[in-house]
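Spelled out from the first residue to the last, the chains are:
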Amino acid sequence: MSTLIDEVLKEAGFSDSAIADVKAGKLHYGGSLDAASDKELSVKLAFHVQGKIENIKLVFMRLPAKKKYDPMVGALGMIATDGGDGSLEDFADLKLSPNEATMDKLYTNAAPGSDLNLSKDEIEMFQKLGKKPTHEEIENCLRKILLERFRAYKKSGLAGIEPYARSKKEFSAGEELKNQILHGPILKKRAPVFQKYLLDYPANKPEGCEDSFFWLNSIIDDKPTIALVHRCGMPQSGGYVYMERHFYLSRSHNCLQGIGAAMSIGDDETVVLYATRTSTDQISGFGAAAKRTIGNKVMAGRQAENFERARKVLANSKQLSLANLSLED
């Protein structure tokens, strides 16, 4: 298995010395990825975890304890844990806070090209609330939109993602996410069946593959930013491959997708390779190259800090179970 780990990490651009350091217990930043679009920020990391692959799978798929290692996450909730189409109850704990007054104004004045990611039909839903809707009315409208987006994605995958209305041309998060998958050569080479599923979801589900869904409220620029998240993973070559896809983001970014691989190097030791791509309009236009360079470095620092915290969570995962870890921990 060590040979496979060496090969995969080398294909990802890590040097022999970096690979040795990772196996010895260090976290390594491997730089950015070849961009799939001019809106993309990216980072790749490799790190060592004291824990079995099964523990990593438990934390990743069944217990998304992001609040334990990502300080930007304010709240999260699982969606359709019964495997069904979800319900408004799944979003009952979702709140547009902090900065309620600012968010109320943003949604009341929603328009193509504003700070919010909404389709034309969704903008009309908020406009129909009138000029002075209550905060509760705005939250309820958003919950309905999130449920419909979840159901459309669960039924039709990437093709079911409604484009965001922009002042000139609509933006398709579905196409962006598709291009991100197609742009990654390692996944196609090492896990072609899994790659096909990520492109074709919900069709062509491989044997042994699991899916889970949840919503996130991350605080970005002191404002709530809501994400709909799809996670899936499956065994691969004695290890485990997985994906985290933010197929809807309410503001700040367009979409996000991370691909990871966990490979065992001993009875209780695992090496994880993780690469993530984030699409944002904030780095396009004049000075795009410089913006991307700076953005990649900022993202790399934040991700490295998060994964250092995540390593501690995973190292303690020997004691984790569905019964003793709360989503809000």
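Structure's up top.
Residues numbered from 1 in each chain as written. Predicted model: local features only at pLDDT ≥ 70, side-chain atom pairs only at ≥ 80, totals over all residues. Heavy atoms only, no water.

Caption draft 1: Up close: the overall build of the protein chain. Of the regular secondary structure elements, the protein chain holds 10 helices and 8 strands. Here the protein chain holds 329 residues, and the buried ones make up 50% of them. Just so you have it, the protein chain exposes about 14,900 Å², and 50% of that area is on carbon and sulfur atoms. (Helix = DSSP H or I, 4+ residues; strand = E, 2+ residues; numbered from the N terminus. Buried < 20%, exposed > 50% of the residue type's maximum accessible area, 1.4 Å probe, protein only. Areas by Shrake-Rupley, 256 points an atom, 1.4 Å probe, with all protein chains shown as cover.)

Caption draft 2: Broad picture of the nonpolar core. In terms of nonpolar packing, the biggest core is built from 48 residues, with Tyr107 and Phe194 touching the most fellow members. Here the element with the most residues in this core is helix H6 (residues 135-156); it accounts for 8 residues. Setting aside residues up to four positions removed in sequence, Tyr107 forms contacts with Leu96, Leu116, Leu118, Phe126, Ile138, Leu142 and Ser250. Formed by 13 residues, the second largest nonpolar core is a distinct cluster that contains Leu27, Val43, Ile56 and Tyr274. (Core = buried A, V, L, I, M, F, W, Y, C linked by side-chain atoms within 4.5 Å. Contact = heavy atoms within 4.5 Å.)

Caption draft 3: Looking closely at the packing of helix H5 (residues 120-127) against H6. Contact geometry of H5 with H6 gives a least axis separation of 10 Å together with a crossing angle of 155°. Relative to H6, the element H5 is oriented roughly antiparallel. Judged by the twist between their axes, the crossing of H5 over H6 is right-handed. Listed contacts from H6 to Glu122, Met125 and Phe126 of H5 are Ile138, Cys141, Leu142, Ile145 and Arg149. (Axes fitted to C-alpha atoms, helices over the stretch in contact; angles between N-to-C directions. Parallel < 35°, antiparallel > 145°, perpendicular 65-115°, else oblique. Left-handed = near helix turned anticlockwise from the far one by under 90°.)

Caption draft 4: Main features of the pairing of strand S8 (residues 269-279). The buried count for S8 comes to 9 of 11 residues, which makes it a mostly enclosed element. The sheet contact formed by strand S2 (residues 40-50) and S8 spans 11 bridges and is antiparallel. Bridge pairing in S8 places Ala46 opposite Leu273. Judged from the 11 bridges that link them, strand S7 (residues 255-266) and S8 form a sheet pairing that is antiparallel. Opposite Leu256, over in S8, you have Thr278 as the bridge partner. Where S7 folds back onto S8 in an antiparallel hairpin, the turn is made up of 2 residues. (Pairing = 2+ DSSP bridges.)

Caption draft 5: Region of the structure containing the packing of helix H7 (residues 173-182) against helix H9 (residues 192-200). One way to put it is that H7 packs onto H9 with a least axis distance of 10 Å and a crossing angle of 170°. For the element pair H7 / H9, the angle class is roughly antiparallel. Listed contacts from H9 to Lys178, Ile181 and Leu182 of H7 are Gln195, Leu198 and Leu199. Across the contact of H7 with H9, the residue classes break down as 4 nonpolar, 1 polar and 1 charged. (Nonpolar A, V, L, I, M, F, W, Y, C, P; charged D, E, K, R; others polar.)

Caption draft 6: Spotlight on H7. Of all the positions in H7, only Ala173, Gly174, Glu176, Leu177, Gln180 and Ile181 are classed as buried. The buried residues of H7 occupy one face: seen down the axis, they fall within an arc of 165°. Packing partners of the buried residues in H7 comprise S2, helix H8 (185-190), H9, strand S6 (239-249), S7 and S8. (Arc of directions from axis to C-beta.)

Caption draft 7: Representation of a negative patch on the surface. Together, Asp121, Glu124, Glu162 and Glu170 make up a negatively charged patch on the protein surface. Within the secondary structure, Glu162 sits in the loop between H6 and H7. Overall, the relative accessible area of 42% leaves Glu162 in the partly exposed class. (Patch = residues over 30% accessible without salt bridge, like charges linked within 9 Å, V, L, I, M, F, W, Y side chains within 5 Å. Salt bridge = Lys/Arg side-chain N within 4 Å of Asp/Glu carboxyl O. Lys, Arg positive; Asp, Glu negative; His and termini not counted. Charge placed at Lys NZ, Arg CZ, Asp CG, Glu CD.)

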